[in-house]
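# Examining the three-dimensional arrangement
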Amino acid sequence: MNKVLEFKDISRKFSLNNETLSILRKVNFSIHEKEKIALIGPSGAGKTSFLHIAGLLELPTSGEVYINNNLIDWNSDKILSQHRLNDIGFIFQFNNLLDDFNATENTAIPFILSGNSKKLSIEKAEFLLSEVGLEKRLKSYPNQLSGGEQQRVAIARSLINDPKIILADEPTGNLDNDSSIKVMNIFNNLVSKYGCSIIIATHDLEIANLQDRVISIEELNS
Ligand SMILES: Nc1ncnc2c1ncn2[C@@H]1O[C@H](COP(=O)(O)OP(=O)(O)O)[C@@H](O)[C@H]1O
Ligand SMILES: [Mg+2]
């Protein structure tokens, strides 16, 4: 099966005063098309660092990242931003929707940025918002939506460029248990419907167990 994302011997170190923090140690990892993986580990284990490297937002200290079997060249900003825009969807714990744009606009923006017309982008955004059950909240601004609704907008937005993979960093970390499960069920169903892969960082085992595979940072580290 096709590997959507692969890490080869990825290490990530941080220097703090005179100490070196070795967060990821020669991590080898791959995720296949349509696979759903939960990445678990206690706070500080390196989940966010892992997702930032996978999302090409942060350079590893050493090692190689492959997307769709292509070795990533960290020197080419153009290629990095193309992958970020077209192959990868992101969802963060605090959804980072733009306050001054309504739900439809927030969802549409990445599609406009990849060169589509405003009209088509709005239509696609409205369709995806109805897929996450927000057809009645198309014009609502983030501060008019509940936490769970905001994360549903973030899910719609993450899907709009038909990414190969969605990276979700504790997407339900800010929600109560009932909303968490509801949001995750919507998310998992849509991901299956659209055939993308996901890596979801979470410390919630109930949510982790909804995925195909659960991997802990500790077991990845050499
Ligand atoms: N820019 C940075 N400089 C120094 N240390 C960092 C930096 N970013 C993260 N860390 C440290 O790396 C460790 C892993 O962080 P993180 O990836 O955010 O873990 P998690 O998401 O699992 O909580 C933590 O100890 C954190 O303090
Ligand atoms: Mg984190």
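As a reminder, the structure under discussion sits directly above these lines.
So, a few notes on the structure that sits alongside this text.

## Let's talk about the side chain of Thr 107
Mapping Thr 107 onto the fold places it in helix H3 (residues 103-113). With a relative accessible area of 0%, Thr 107 lands in the buried category. Setting aside anything within four residues of it in sequence, one finds Thr 107 in contact with Ala 125, Leu 129, Val 153, Ala 156, Arg 157 and Ile 160.

## Considering the packing of aromatic side chains
Under the definition given, this model contains 4 aromatic pairs. Centroid distance Phe 7 to Phe 29: 6.0 Å. Interplanar angle 65°. Geometry classified as edge-to-face. In this pair, Phe 7 sits in strand S1 (residues 3-16) while Phe 29 sits in strand S2 (residues 19-32), placing the two residues 22 residues apart along the sequence. In terms of burial, Phe 7 and Phe 29 fall into one category: buried. Centre to centre, the rings of Phe 7 and Phe 50 are 4.7 Å apart; their planes meet at 40°, and the pair counts as tilted.

## Looking at the site of ligand 1
Every residue near ligand 1 is listed here: Phe 14, Leu 16, Ile 23, Pro 42, Ser 43, Gly 44, Ala 45, Gly 46, Lys 47, Thr 48 and Ser 49. With respect to ligand 1, the backbone of Gly 44 contributes an N or O atom lying 2.7 Å from an oxygen atom. A distance of 3.0 Å is found between an oxygen atom of ligand 1 and a backbone nitrogen or oxygen belonging to Gly 46. Calculation on ligand 1 without its partners gives an accessible area of 570 Å², and the protein chains cover 62% of this total. Broken down by class, the residue content of the shell around ligand 1 amounts to 5 nonpolar, 5 polar and 1 charged.

## Let's talk about the pattern of salt bridges
Applying the stated criterion across every chain, the model contains 8 salt bridges. Put simply, Arg 12 and Glu 58 hold a salt bridge, and the shortest N to O gap is 3.1 Å. Note that Arg 12 is positioned in strand S1 and Glu 58 in the loop between helix H1 (47-54) and strand S4 (62-67), a separation of 46 residues in sequence. Taking relative accessible area as the criterion, Arg 12 reaches 14% and is therefore assigned buried. Glu 35 is the salt-bridge partner of Arg 213, the closest N and O atoms lying 2.7 Å from each other.

## Quick look at the pairing of S2
When S1 meets S2, the two strands line up antiparallel, connected through 10 bridges. Directly across from Glu 6, in S2, lies its bridge partner Ser 30. From the end of S1 to the start of S2, which pair antiparallel, there are 2 residues, and Asn 17 there has a positive phi angle of about 55°.

Basis of the calculations
- The written sequence of each chain sets the order in which its residues are numbered from 1.
- Chain labels run from A onward and ligand labels from 1 onward, assigned in the order the entries are written.
- Reporting of local features is limited, given that this is a predicted model, to residues whose pLDDT is at least 70; pairs of side-chain atoms are given and counted only at 80 or more, and all residues count toward the totals for whole chains, interfaces and linings.
- The side-chain figures draw on all heavy atoms in the structure; neither hydrogens nor water molecules are used.
- In this description a helix means any DSSP run of H or I spanning at least four residues, a strand means any run of E spanning at least two, and both kinds are numbered starting from the N terminus.
- Classification of residues uses two cut-offs on accessible area relative to the type maximum, computed with a 1.4 Å probe and protein chains only: under 20% is buried, over 50% is exposed, and between them is partly exposed.
- Residue contacts are counted whenever heavy atoms from the two residues lie within 4.5 Å of one another.
- Only rings of Phe, Tyr and Trp enter the pairing, Trp through its six-membered ring, and a pair is recorded when the two centres are within 6.5 Å. The plane angle decides the type: under 30 degrees is stacked, over 60 is edge-to-face, the rest tilted.
- Residues are counted as near a molecule or strand when any one of their heavy atoms sits within 4 Å of it.
- We call two N or O atoms a polar contact when they sit within 3.5 Å, provided that within protein one can donate a hydrogen and the other can accept it, with sequence-adjacent residues counted only if both atoms are side-chain atoms.
- Accessible surface area values rest on a Shrake-Rupley calculation with a 1.4 Å probe, where residue burial reflects the displayed protein chains alone.
- Ten residue types, Ala, Val, Leu, Ile, Met, Phe, Trp, Tyr, Cys and Pro, are classed as nonpolar, four, Asp, Glu, Lys and Arg, as charged, and the remainder, Gly among them, as polar.
- Note on definitions: salt bridges are taken to be side-chain nitrogens of Lys or Arg within 4 Å of carboxyl oxygens of Asp or Glu.
- At least two bridges found by DSSP between two strands are what make those strands a pair.

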